[in-house]
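Per-entry structural report
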6 protein chains.
Amino acid sequence: MSNVICFGELMLRLSPEGYNRFVQADKFDINYGGSEANVALSLVNYNMNSTFITKLPSNEIGQSALNKLRQYGVNTSKIKMDGERIGIYYMEKGASQRPSKVIYDRSNSAISNANLDDFNWDEIFNNAKWFHFSGITPALSDNLAEICLEACKKAKKNNITVSCDLNYRSKLWSEKKANKVMTQIMNYVDVCVANEEDIEKVFGIKAEDTDVSHGKINYDSYKSVAEEVLSKFNLSMVACNLRTSISASDNKLLAVLYDGNKFYQSKEYDVHIVDRVGGGDSFLAGLIYGLLNNKSNQEALEFATAAGVLKHSIEGDFNMVTVSEVENLASGDSSGRVQR
Amino acid sequence: MSNVICFGELMLRLSPEGYNRFVQADKFDINYGGSEANVALSLVNYNMNSTFITKLPSNEIGQSALNKLRQYGVNTSKIKMDGERIGIYYMEKGASQRPSKVIYDRSNSAISNANLDDFNWDEIFNNAKWFHFSGITPALSDNLAEICLEACKKAKKNNITVSCDLNYRSKLWSEKKANKVMTQIMNYVDVCVANEEDIEKVFGIKAEDTDVSHGKINYDSYKSVAEEVLSKFNLSMVACNLRTSISASDNKLLAVLYDGNKFYQSKEYDVHIVDRVGGGDSFLAGLIYGLLNNKSNQEALEFATAAGVLKHSIEGDFNMVTVSEVENLASGDSSGRVQR
Amino acid sequence: MSNVICFGELMLRLSPEGYNRFVQADKFDINYGGSEANVALSLVNYNMNSTFITKLPSNEIGQSALNKLRQYGVNTSKIKMDGERIGIYYMEKGASQRPSKVIYDRSNSAISNANLDDFNWDEIFNNAKWFHFSGITPALSDNLAEICLEACKKAKKNNITVSCDLNYRSKLWSEKKANKVMTQIMNYVDVCVANEEDIEKVFGIKAEDTDVSHGKINYDSYKSVAEEVLSKFNLSMVACNLRTSISASDNKLLAVLYDGNKFYQSKEYDVHIVDRVGGGDSFLAGLIYGLLNNKSNQEALEFATAAGVLKHSIEGDFNMVTVSEVENLASGDSSGRVQR
Amino acid sequence: MSNVICFGELMLRLSPEGYNRFVQADKFDINYGGSEANVALSLVNYNMNSTFITKLPSNEIGQSALNKLRQYGVNTSKIKMDGERIGIYYMEKGASQRPSKVIYDRSNSAISNANLDDFNWDEIFNNAKWFHFSGITPALSDNLAEICLEACKKAKKNNITVSCDLNYRSKLWSEKKANKVMTQIMNYVDVCVANEEDIEKVFGIKAEDTDVSHGKINYDSYKSVAEEVLSKFNLSMVACNLRTSISASDNKLLAVLYDGNKFYQSKEYDVHIVDRVGGGDSFLAGLIYGLLNNKSNQEALEFATAAGVLKHSIEGDFNMVTVSEVENLASGDSSGRVQR
Amino acid sequence: MSNVICFGELMLRLSPEGYNRFVQADKFDINYGGSEANVALSLVNYNMNSTFITKLPSNEIGQSALNKLRQYGVNTSKIKMDGERIGIYYMEKGASQRPSKVIYDRSNSAISNANLDDFNWDEIFNNAKWFHFSGITPALSDNLAEICLEACKKAKKNNITVSCDLNYRSKLWSEKKANKVMTQIMNYVDVCVANEEDIEKVFGIKAEDTDVSHGKINYDSYKSVAEEVLSKFNLSMVACNLRTSISASDNKLLAVLYDGNKFYQSKEYDVHIVDRVGGGDSFLAGLIYGLLNNKSNQEALEFATAAGVLKHSIEGDFNMVTVSEVENLASGDSSGRVQR
Amino acid sequence: MSNVICFGELMLRLSPEGYNRFVQADKFDINYGGSEANVALSLVNYNMNSTFITKLPSNEIGQSALNKLRQYGVNTSKIKMDGERIGIYYMEKGASQRPSKVIYDRSNSAISNANLDDFNWDEIFNNAKWFHFSGITPALSDNLAEICLEACKKAKKNNITVSCDLNYRSKLWSEKKANKVMTQIMNYVDVCVANEEDIEKVFGIKAEDTDVSHGKINYDSYKSVAEEVLSKFNLSMVACNLRTSISASDNKLLAVLYDGNKFYQSKEYDVHIVDRVGGGDSFLAGLIYGLLNNKSNQEALEFATAAGVLKHSIEGDFNMVTVSEVENLASGDSSGRVQR
């Protein structure tokens, strides 16, 4: 089976129970997540092999994070156990007009302090078919930007497909710095994925007639955005998952894909949200699955979109769905009738 | 007060907390339920007498199941305590486009292994006015099919009204076997209730212009379905509760009733779902209540539909609502304003 | 900083977990609330000074109630600790067509048995700018009606603005008695707030074309209602927050305000409800905040309405939101996008 | 089967989770209990018939209390549903040197306000063999003292054995008043049960060389105490369950019994405490069971003591143990080895 | 690293929260366990390789069981996913004089219905050093007795050490049948482990002066028991972990070992019990660890005993302790001082 | 009322529920604690004024920490809200022979990065009577060592009594560094408190015949230890609370005090442990209370010891007990009898 390598940070996620706000909490639900780990997890749920690369402290909290990936079948044998602490993010669930809120406490995490020689990429890429990371990884530290670049180069040398989710995070770096680093890295990327505003933030390419904070998205405008990015970096594919936020409880989801020849658009879904985090990661894992399993671009896009939709009905960062569940939705059964 | 006898299986229901999927669960909420027990429970909430007949193992788990019915006032004095185990069903709550999911572990339950002489129907039917069971009961085992038939005959001999909810379960028997067994039993039934697809599965009579997996239901087409079933078995009444599944979170509910003379249709409701299970059972209990309390057919149908609607706002299998709560909704107040 | 004095009952609120009905509960979530305490709490969340006046029993339950206010920063130093018991209200969360339900057990609470000399209003009003209470306070007992009147007089003597939320509670007094007591008190009130039916209940002034139990509200009709009340009592302002109840899960909210010169109307919001209680109190606190912070009447009304909207997304009686969160919504961003 | 009638108050018990103190609580575990209800519950666990007589408010909280008794099989058909409120007691679990703590909020409960004509004792005592109440019942109000006396007289007229647990509660009445009321009632009592200090508090008869607050109990001294009480009131039996409190976590338990002829003493047990409440009630139910089932006085005392011991290992007020579990311990197996 | 193969049943364990009895439960804590799986789990906690062999149904419940082993690092790649259901055991935690209680619902589990060709032992034993199973495995069904025997023969052919924990279960087979089957199997076993009564139940060899139900164990008498068993079956080692049950909360633990030459005895420990299940399995895993890591017999015995002791402080079936934690206790530090 | 100033770090404490180990946790109980905050909290529970000085990040997590102190009445108005993050400690509860375990993640906490000008000591000490800190505070960073020294000097200048709990933490600094820093600071300290090994670690003065890891403590030997420390630094008082650790569940506690003239020893207590953390802080707060309230040295010591004992029965870091509860125990009633 083809193996997908995902590289990034795995954080401890601490959330108040139910819809409690941070200042009302007396317990935290424990989850673990991170953009690339979420992708790796989705893939094993689709019966694929995936390996997650990170660095975690060798205490019980770091071990618990590793264990959680292992529980669901991700290959964790290459995770480096060393360093000071695990990154944390506090996550408060929104509802109606009240947004979900995230507080990061990820500075000085083991992975952000990692060094070039913590990872042996030649060994890691042995037998691998795909390498995935997001823009968060190089944003964590200068070291990681360098490691990312190194990994991309090694991947290309090994004829491995490279995908990158732009995932711009303003808390981690400025648009200017992101632009500089990502411009360099993108030369080694084959498949670039972005949400409704990443490309504008990182590369300054804006979709017209779109105002995400007022729930207005012009899908057609993403065609030229995708074309511009694709040609700028010699990518083979650009995909955007586009979220219209009606409220914290209700979103509309649709995705587009451009492969240099044709512009594809998925069905649009009305989504009632159980957990807002990880939708983009699930979209990305769905896309990788589709492309590695010989689906057509339209099919892969529909699969990815349906996967992203289903994620919003699931607690935690991870998308706990099977291929048949995604395909059932992608093929048009969105009735949610009881499965007995 | 008139007494209603309900006969069937009572299962231990194990559900992950909240919207967790099975593979995410670390606790199970404990509930008990089963189609006929749910009917019995609804009826005592309407201040009627109901008696539940089943067989449960005489260990603490079986006792806990019995206790739960007793807590809410169902007469459990005729339950046979013996046999190996209680049937279990694992229940995962769906949301948005992700369906609820049920895993059954009910083989070799005490009730499915019951024998003819476990139940003394003449004694059970003493002072009874109504006998109810669903198609699940005869589907559990050949023994139970035989016991069901025996009970129906005894009921008719005692001038007791017999109702049957078709409740086709493909995990328990084939459409062919269901057809054979139910055809025999239906000769003793007065009131037949079905959902949007039971009649097609059991008797091969299909509603036209209806495609339930794509959320399309043609209410009018159920008139001829009802007429055909009613005349085939010399029933006094056929009622169908029809669910249009928008998603796992949102359904539309409406019911129709045919009494040999006239075709009745209830109001339609938009329902936000807290717990998907037991809506049909609540409809049925509402119908029995209405008919035994001298409501007109239209009133009984509206009461039954409103009862089924309210069930979806309540956790567990049981419909914990009062007559006045149902009547308040049936009479048009669906505003859900706080009751202080 | 200007200080707001709020006077009323603080109750222990006991709610079954999640959507369980009372008869299904095995645990109660503990919250504390009461109309005027809720206002005081909102105000400290807006970084204002507020002081809550009440009487609580000097046992651990009374102390826990005081502690909860103190946790969030309300000044509790003037609370009288004495008397028999704390009032309790049991609160069951509704969903879809099933209403939320409240059972009161507040008789003989410490505050309802309070005497005139339990409170030294001159000392309490030292440095205060605003005095707030609701119609619940005088309804608790004849003693309290007298204390309320006394407090109002002292407030006016100290040039303190007085606001009153009519908050009619039929369990506490008749419309006739409410009319008599409130008519006397209103002479000392500057700002009167009411919901869609309070004014009719207390003063017999009905909004035309409005039928709240069937979800029909004619906003325009509240203009004449407000005019009539304002002129009747020489108020400086009348505001009504108007709720259209689609179901227990979905409400529409809009508010109107009349200042003797002009009739203002806020934006309307579609609200998905997490917790139904305390919306009016949040509206009121928002209004006080706006007026004390030199917002225009329109701005104050929008701030108050947005505050009331956000409350419905928050568990418990208290509105745990900040000024910037309210202003963000009031200024048009209702997209609920994740805050990272 | 012989029927035991128990008469008293059933309260809602609210306890912080685990070992949390009241001021740390954010949830309350819901239990229901009361001295005589606890006796009734124990008896049905021993497969006896018991009927509980009380008055409860006809709201969902009162109904939930009734339901809890019904769940375990107590006959609740004679409970009067009316009145204002259910009595509450807040219960904080102690540990090590920190005592358990109880706060009562039982004034104005439905039962404390009951009237003579709320209960038809002739009907209640039909087919009954035993009538039980504790000193708490007449302490609740003058009305109840009168009702208790009336019930005792009716019981004697019906040749029903009457038992009374002295259960002195200083929060409910003074020693002087208790003495006056109980002296009158004891003339109709056959079996009197007390703990290590009740007899001193109510009848002023002190056990020598005993200082319960310093964990010192002289078992022999209870012989003369029992003799004096028995002869004073012409009782047929006096039993004392004697607790040596090492700490809130560890107690020693032993009981004595005097039948006018002989003084019996049970084995002594070292008990590790899970829940401290209800030990005396369990002792009493064990004694009633033993006496009604033709055990010798020594056997009945051993059964009762073992029952009281086991209660301390069980959460809540109710003693959820079977006859065989009690007999196993009474007969000497205290090893606590796993039952597979 | 040397690999240990463990073969047996993995069950879903459902336990009421805290010290609740079954009939009081409203939630079940979910754990998974089984004698041999517990051994496998302990070993990976000691950084050894272990592989668990069983058969589980290919639904989400079976998958969750597998996932739990995988989470902690057990090799689950050889588990057969097929069959009807997972075996269940309900587990109620005892305290003080009240024993823990287990109810089994394991009939027709996937593993009990397994066939010879479900497992390819030659492949399984590739690179293995040790094979372990308990007497529970052959007791599950005749098929499993045959498979066990087959596995033992294959193990011996591959020069793999075989250990067997007698683990007699009277619910699964009679002493007579156990004797017959185990006598045959023991010819292939090297290390036999038993508790204080297994050898008597299975082989009729009784320790003198020992009465386990009254907490009396004569350690010396186990010397002759061990000698007799060892010589009867040509074993290389017999070890007995001996539990003196003071109560369900307090046990004493000590173990003995006989290697054909010398009789070893461990330190004795006073244990306060958090969870009673899995102590013997932890002892066994400790013994395997010690023997495979070149400890002396006395050291291995002390390690195994300390491991068993620590298990009792840990929730669930699995012994979540590290080598250094066990060695710290085995070497004499039982002070339980905080590790910062 | 006299005011006590406490200065140190307040951490977020995350603990698995019940006795779960870290790797078994799916929820964390949220508590807040830190040596000096614990002292401040105890003091307000004794109705004294205490003010806590620290620096916390101005996000919701920092605010929640502040709120928790405020809830119980600590003066938090001088807390500096700024900086990166709150320090965290993960806390796993031990039992029997398994120790409690603490993992720190406190680097780069807001307080550890504080600067001299974050605190205005002259203003802070206005009206103060006592200044308290522990050896943890200067160990956090060089900055904090300097701030501590500065604060001590200012305290002395203001005639404020200074107490210091040595509280050596090997994870924060070496014995050598501790010795150097603390030697300087101790010149400004009046009352020095230590546990059974702090003085040896920090000042190299060892108690003879004492081996804490094997539960052996020679109380007499602490006399010369105390004398040596007292004279070395010109202290007015040295107190040691001495813990004999039988197991993680059972400890013995006793304390000694030397005032330059006389050596005092408290009663010894057998303690069953609910939560192991904060015993020393509770002892210290008890001592401050006693000394500020004119108790004799022996009385103050007994009060402090009893306070420390009671802490072990309470969940979390904070000692939630009243003066009367402590005095009741100190005066000899350790029976733990129910308080009704």
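Here's what I pulled together on the structure shown here. All figures in this text were calculated on a predicted structure; none of them were measured in a lab.

Conventions used here
Residues numbered from 1 in each chain as written. Chains lettered and ligands numbered in written order. Predicted model: local features only at pLDDT ≥ 70, side-chain atom pairs only at ≥ 80, totals over all residues. Heavy atoms only, no water. Helix = DSSP H or I, 4+ residues; strand = E, 2+ residues; numbered from the N terminus. Rg over C-alpha atoms; globule rule 2.2 N^0.38 Å. Buried < 20%, exposed > 50% of the residue type's maximum accessible area, 1.4 Å probe, protein only. Axes fitted to C-alpha atoms, helices over the stretch in contact; angles between N-to-C directions. Parallel < 35°, antiparallel > 145°, perpendicular 65-115°, else oblique. Left-handed = near helix turned anticlockwise from the far one by under 90°. Contact = heavy atoms within 4.5 Å. Nonpolar A, V, L, I, M, F, W, Y, C, P; charged D, E, K, R; others polar. Phe/Tyr/Trp six-rings, centres within 6.5 Å; stacked < 30°, edge-to-face > 60°. Buried area = accessible area lost by both parts, 1.4 Å probe. Salt bridge = Lys/Arg side-chain N within 4 Å of Asp/Glu carboxyl O. Core = buried A, V, L, I, M, F, W, Y, C linked by side-chain atoms within 4.5 Å. Least-squares fit on C-alpha atoms with pLDDT ≥ 70 in both. Polar contact = N/O pair within 3.5 Å; in protein donor to acceptor, adjacent residues only side chain to side chain. Pairing = 2+ DSSP bridges. Disulfide = S-S within 2.5 Å.

Tallying secondary structure elements over chain A gives 11 helices and 15 strands in all. Taken over the C-alpha trace, chain A has a radius of gyration of 19 Å; the compact-globule value for 340 residues is 20 Å, and the two agree within 12%. The principal-axis extent of the C-alpha atoms belonging to chain A is close to 50 × 45 × 45 Å. Of all 340 residues assigned to chain A, the portion counted as buried reaches 67%.

Residue and element names in this part refer to chain D. Running from amino to carboxyl end, helix α1 (residues 35–45) crosses helix α9 (residues 279–292) at an angle of 45°, the nearest separation of the two axes being 8 Å. In terms of axis orientation, α1 runs oblique to α9. In this structure, α1 crosses over α9, and the sense of that crossing is right-handed. Each of Ser35, Asn38, Val39, Ser42 and Leu43 in α1 lies in contact with α9, whose residues at this interface are Asp281, Ser282, Leu284, Ala285, Ile288 and Tyr289. Looking at the contact of α1 with α9 residue by residue, the classes come out as six nonpolar, four polar and one charged.

In this section: the packing of aromatic side chains. Summed over the entire model, instances satisfying the criterion amount to 79 aromatic pairs over all chains. The interplanar angle of 25° and the centroid separation of 4.8 Å between the aromatic rings of C:Tyr289 and C:Phe303 together place this pair among those described as stacked. Of this pair, C:Tyr289 sits in helix α9 (residues 279–292) while C:Phe303 sits in helix α10 (residues 297–311), and the two are 14 residues apart along the sequence. C:Phe303 matches C:Tyr289 in its accessibility class, with the two residues each being buried. Pairing D:Phe7 with D:Trp121 gives two aromatic rings, centres 4.9 Å apart and planes at 80°, and the pair type is edge-to-face. Residue D:Phe7 is located in strand β1 (residues 3–7), and its partner D:Trp121 is located in helix α3 (residues 121–124); the two are separated by 114 residues in the primary sequence. For the pair D:Phe7 and D:Trp121, a shared accessibility class is recorded, and that class is buried.

So, on to the interface of chain A and chain C. At the junction of the two partners, chain A supplies 28 residues and chain C supplies 25 residues. Among the residues chain A hides against chain C, the three largest losses belong to A:Arg21, A:Gln24 and A:Gln97. Together they make up 25% of the total. Between chain A and chain C we count three salt bridges in total. In this structure, A:Glu196 and C:Arg337 form a salt bridge, with 3.7 Å as the shortest nitrogen-oxygen distance. Here the side of chain A that touches chain C is composed, by residue class, of nine nonpolar, 11 polar and eight charged.

Soluble globular proteins tend to pack their nonpolar side chains together in the buried interior. The biggest cluster of nonpolar side chains holds 133 residues, and the ones touching the most others in it are B:Leu12, B:Tyr46, B:Tyr90, E:Leu12, E:Tyr46 and E:Tyr90. If near-sequence neighbours (up to four positions away) are discounted, E:Tyr90 is found in contact with B:Leu12, B:Ile61, B:Ile86, B:Ile88, E:Leu14, E:Phe22, E:Phe28, E:Lys101, E:Val102, E:Ile103 and E:Asp105.

For the pair chain A and chain C, the best superposition has an RMSD of 0.0 Å and corresponds to a rotation of 120° with a translation of 0.0 Å parallel to the axis. On the angle and the small slide along the axis, the relation comes out as a three-fold axis. Taking the C-alpha atom as reference, chain A places A:Gly18 closest to the rotation axis, 5.1 Å from it. The residues that chain A uses at the interface reappear at the interface of chain C in only 4% of cases, marking distinct surfaces.

Turning next to the relation of the copies chain A and chain B. With an axial shift of 0.0 Å and an RMSD of 0.0 Å, the rotation relating chain A to chain B amounts to 120°. Little of the interface of chain A is mirrored in chain B, where only 4% of its interface residues are also at the interface.

Now for the interface of chain A and chain B. Contacts between the two partners involve 25 residues from chain A and, on the opposite side, 28 residues from chain B. Carbon and sulfur atoms make up 51% of the surface buried where chain A meets chain B, a total of about 2400 Å² over both sides. The three residues of chain A that bury the most area against chain B are A:Arg337, A:Val338 and A:Arg340, which together make up 31% of that side's buried surface. Where chain A meets chain B, there are three salt bridges. At the surface where chain A touches chain B, the tally comes to 13 residue pairs in polar contact (both at pLDDT 80 or more). When contributions to the side of chain A that touches chain B are tallied by element, the ones reaching two or more residues are β15 (269–272), α10 (297–311) and α11 (323–330) of chain A. Element by element, the count of residues in the side of chain A that touches chain B is highest for β15(A), at four residues.

Once that is clear, we can look at the sheet that holds strand β3 (residues 27–33) of chain F. In space, the eight strands of this open sheet follow the order β8(A)-β7(A)-β2(A)-β3(A)-β3(F)-β2(F)-β7(F)-β8(F), with mixed pairing throughout. For this open sheet the edge positions go to β8 (101–105) of chain A together with β8 (101–105) of chain F, each flanked by a neighbour on one side alone. Between one strand axis and the next, the sheet turns through 30° on average, direction left out of account. Where strand β7 (residues 88–92) of chain F and β8(F) come together, five bridges link them in antiparallel fashion. Its bridge partner lying in β8(F), F:Tyr89 is registered against F:Tyr104. Across the face of the sheet, helix α2 (residues 60–71) of chain F comes into contact with β7 (88–92) and β8 of chain A together with β2 (11–16) and β3 of chain F while running at roughly 60° to β3(F).

Bringing the pairing of strand β1 (residues 3–7) of chain A into the picture now. All names here are of chain A. Taking burial as the measure, the five residues of β1 include five buried ones, the bulk of the element. The side-chain alternation of β1 yields two buried faces, one formed by Asn3, Ile5 and Phe7 and the other by Val4 and Cys6. In this structure, β1 lies alongside strand β9 (residues 128–134), joined through four bridges in parallel fashion. When the sheet's bridge partners are listed, Asn3 is paired in β9 with Ala128. As paired elements, β1 and strand β4 (residues 49–53) share five bridges and run parallel to each other. Bridging from a neighbouring strand, Asn3 pairs with Asn49 of β4.

Attention now goes to unusual backbone geometry. With glycine set apart, most residues show a phi of negative sign, and most peptide bonds adopt trans. Residue and element names in this part refer to chain B. Of note, the phi angle at Asn234 is positive, near 60°, even though the residue is not glycine. Tracing the chain through its elements places Asn234 in the loop between α8 (221–233) and β12 (237–245). You can call Asn234 exposed: its relative accessible area is 69%.

Once that is clear, we can look at the sheet that holds strand β3 (residues 27–33) of chain C. Spatial ordering of the open sheet is given by β8(C)-β7(C)-β2(C)-β3(C)-β3(D)-β2(D)-β7(D)-β8(D), a layout of eight strands whose pairing is mixed. Looking at strand neighbours, the two that pair on one side only are β8 (101–105) of chain C together with β8 (101–105) of chain D, the edges of this open sheet. Between one strand and the next, the sheet's axes are offset by a mean angle of 30°, whatever the strand orientation. Alignment of strand β2 (residues 11–16) of chain D against strand β7 (residues 88–92) of chain D, held across three bridges, turns out to be parallel. Residue pairing in the sheet places D:Leu14 in a bridge with D:Tyr90 of β7(D). Strands β7 (88–92) and β8 of chain C together with β2 and β3 (27–33) of chain D of the sheet are contacted by helix α2 (residues 60–71) of chain D, whose axis makes an angle of about 60° with β3(D).

Residues and elements named next belong to chain B. All chains considered together, the criterion is met by zero disulfides over all chains. Take Cys148: it sits in no disulfide, and the sulfur closest to it among the cysteines is that of Cys152, at 5.8 Å. According to the relative accessible area criterion, Cys148 is buried, its value standing at 0%. Not engaged in a disulfide, the cysteine Cys192 finds its nearest cysteine sulfur in Cys164; these two sulfurs lie 6.0 Å apart. What makes Cys192 buried here is its relative accessible area of 0%.

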